[in-house]
Amino acid sequence: MSFQIAIDGPSASGKTEVAKKLSEILNITAIDTGAIYRAFTLFCLKENVDINDNDSVIALIPKVEVNLSKDKVYLNGEDVSLCIRSNEVSIATSIVAKICEVREFVSSIQRKIANSTNVVMQGRDITSVVLPNAQIKIFLTASIEVRAKRRFLEMQAKGQNDTYEEVLENLKIRDKNDITRDVSPLVKTEDSVEIDSSDLTVDQVVKIILDIVYEKGLV
Ligand code: DC
């Protein structure tokens with residue numbers, strides 16, 4: 001039986017790592033939907049369009065092809081896996097992701113993948129809009145201080161020099177953009193199981209979700 005695991009939650013709540021581990025254990029495809037929004041936004045920045053000008057951004061949609069393969073993200077054939085993670089792209093993405101036409105474009109890519117295979121898909125509107133019929137829905141969260149610390153350590157390990165305060169401020173702006181936007185804001189749906197990962201390891205979160213998968217007899 002084919003099935004879908006949908007995970008939503010704010011930035012740096014651990015969604016990517018959790019989805020990756022689940023995909024390895026269950027041998028299903030993991031889709032990082034934020035990466036698609038990021039790749040599209042990177043294209044807008046490269047083309048020097050004003051990202052606050054919706055018409056200019058929308059005009060770029062037909063020029064963009066985003067492909068995901070394992071851990072890699074390709075923008076029009078170019079591997080952009082690393083550069084889509086910069087602070088500049090992070091903030092810009094939360095602005096571009098407010099545009100309805102962009103969301104429709106990205107959602108169509110996501111649904112195409114989900115219709116062809118078992119998936120664990122994570123983002124902001126997966127439980128509410130993209131896969132409302134997913135068998136398992138998770139709202140993964142953590143306190144903003146814990147999320148900022150995790151992101152800060154991750155960035156340090158990659159040699160990026162942002163301070164903890166800058167990372168915290170960046171997360172606050174992105175949370176606000178994600179939660180308050182008109183189209184498909186980040187919400188916890190009534191049928192989602194909430195997991196607060198502030199004091200949990202990735203493996204502990206994965207175990208909670210796996211228990212639900214087994215309980216429901218999905219594998
Ligand atoms: O998960 P992430 O931090 O890589 O996401 C980057 C941005 O994309 C984030 O600000 C919210 C947006 N996004 C979205 O609006 N809907 C999704 N399904 C995934 C991400």
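Above this text you will find the structure in question.
The model shown is predicted, which means the values in this text are computed figures rather than measured ones. (Residues numbered from 1 in each chain as written. Predicted model: local features only at pLDDT ≥ 70, side-chain atom pairs only at ≥ 80, totals over all residues. Heavy atoms only, no water.)

Draft legend 1. Geometry of the environment of glutamate 47. As for its position among the elements, glutamate 47 is in the loop between helix H2 (33-46) and helix H3 (54-59). Owing to a relative accessible area of 39%, glutamate 47 belongs among the partly exposed residues under this scheme. Taking the C-alpha atoms as reference, glutamate 47 lies 29 Å from isoleucine 126; in sequence the two are 79 residues apart. (Helix = DSSP H or I, 4+ residues; strand = E, 2+ residues; numbered from the N terminus. Buried < 20%, exposed > 50% of the residue type's maximum accessible area, 1.4 Å probe, protein only.)

Draft legend 2. Inspection of the nonpolar core at higher detail. Residues Phe40, Val57 and Val102 are the most contacted members of the largest nonpolar core, which totals 28 residues. Secondary-structure elements contributing two or more residues to this core are H2, strand S4 (72-75), helix H4 (87-96) and helix H5 (100-116). For this core, the element with the highest residue contribution is H2, accounting for 8 residues. Setting aside residues up to four positions removed in sequence, valine 57 forms contacts with Phe40, Cys44, Val49, Asp50, Ile51, Val96, Ile99 and Val102. Ranked by size, the runner-up nonpolar core spans 20 residues in total, among them Ala19, Ile136, Ile195 and Val213. (Core = buried A, V, L, I, M, F, W, Y, C linked by side-chain atoms within 4.5 Å. Contact = heavy atoms within 4.5 Å.)

Draft legend 3. Structural context of the site of the ligand. Close contacts around the ligand come from 16 residues, with Arg38, Arg103, Asp125, Arg174 and Arg181 the closest. Note that an oxygen atom of the ligand is positioned 3.1 Å from one of the side-chain N or O atoms of aspartate 178. Across the complex, the protein chains shield 97% of the 450 Å² of accessible surface that the ligand would expose by itself. Taken together, the elements giving at least two residues each to the shell around the ligand come down to H2, H4 and helix H8 (164-180). Counting residues per element, the shell around the ligand draws most heavily on H2, which supplies 4 residues. (Near = heavy atom within 4 Å. Polar contact = N/O pair within 3.5 Å; in protein donor to acceptor, adjacent residues only side chain to side chain. Areas by Shrake-Rupley, 256 points an atom, 1.4 Å probe, with all protein chains shown as cover.)

Draft legend 4. Quick look at the pattern of salt bridges. Counted according to the given criterion, the structure contains 12 salt bridges. Among the salt bridges present, the one from lysine 21 reaches aspartate 203, with a minimum N-O distance of 2.7 Å. Taken as a pair, lysine 21 in helix H1 (residues 15-26) and aspartate 203 in helix H9 (residues 202-215) lie far apart in primary sequence, 182 residues in all. Take aspartate 203: its relative accessible area is 46%, and that puts it in the partly exposed class. Salt-bridge contacts for lysine 46 lead to glutamate 78; the nearest nitrogen and oxygen are separated by 3.1 Å. Of the two residues, lysine 46 sits in helix H2 while glutamate 78 sits in strand S5 (residues 78-79), which places them 32 residues apart along the sequence. Among the ionic contacts, a cluster of salt bridges with common partners joins Arg124, Asp178 and Arg181. (Salt bridge = Lys/Arg side-chain N within 4 Å of Asp/Glu carboxyl O.)

Draft legend 5. Quick peek at H5. Here H5 contains 17 residues, and its C-alpha end-to-end distance of 25 Å stays within 8% of the 24 Å for a straight helix at 1.5 Å per residue. Within H5 the residues assigned to the buried category are Val102, Arg103, Phe105, Val106, Ser107, Ile109, Gln110 and Ala114. Among the structural elements, strand S1 (4-8), H2, H3, H4, strand S6 (119-123) and helix H6 (126-130) are those in contact with the buried residues of H5. (Expected span 1.5 Å × (residues − 1).)

Draft legend 6. Up close: the sheet that holds strand S3 (residues 66-69). Sheet architecture is open: 3 strands sit in the order S3-S4-S5, paired in antiparallel fashion. With partners counted over all chains shown, the strands left at the sheet margins are S3 and S5, one partner each. Examined bridge by bridge, S4 and S5 share 2 bridges and lie antiparallel to one another. The residue bridging leucine 75 from the neighbouring strand is glutamate 78, located in S5. Against the sheet, H2 touches S3, S4 and S5, its axis set at about 35° to S4. (Pairing = 2+ DSSP bridges. Axes fitted to C-alpha atoms, helices over the stretch in contact; angles between N-to-C directions.)

Draft legend 7. Geometry of the environment of arginine 111. Here arginine 111 is to be found in helix H5. Of the residues examined, arginine 111 reaches a relative accessible area of 35% and is grouped as partly exposed. A C-alpha to C-alpha distance of 9.9 Å links arginine 111 and isoleucine 126, two positions 15 residues apart in sequence. Of the polar contacts made by the side chain of arginine 111, one reaches the backbone oxygen of valine 129; its length is 3.2 Å.

These figures capture arrangement, not role.
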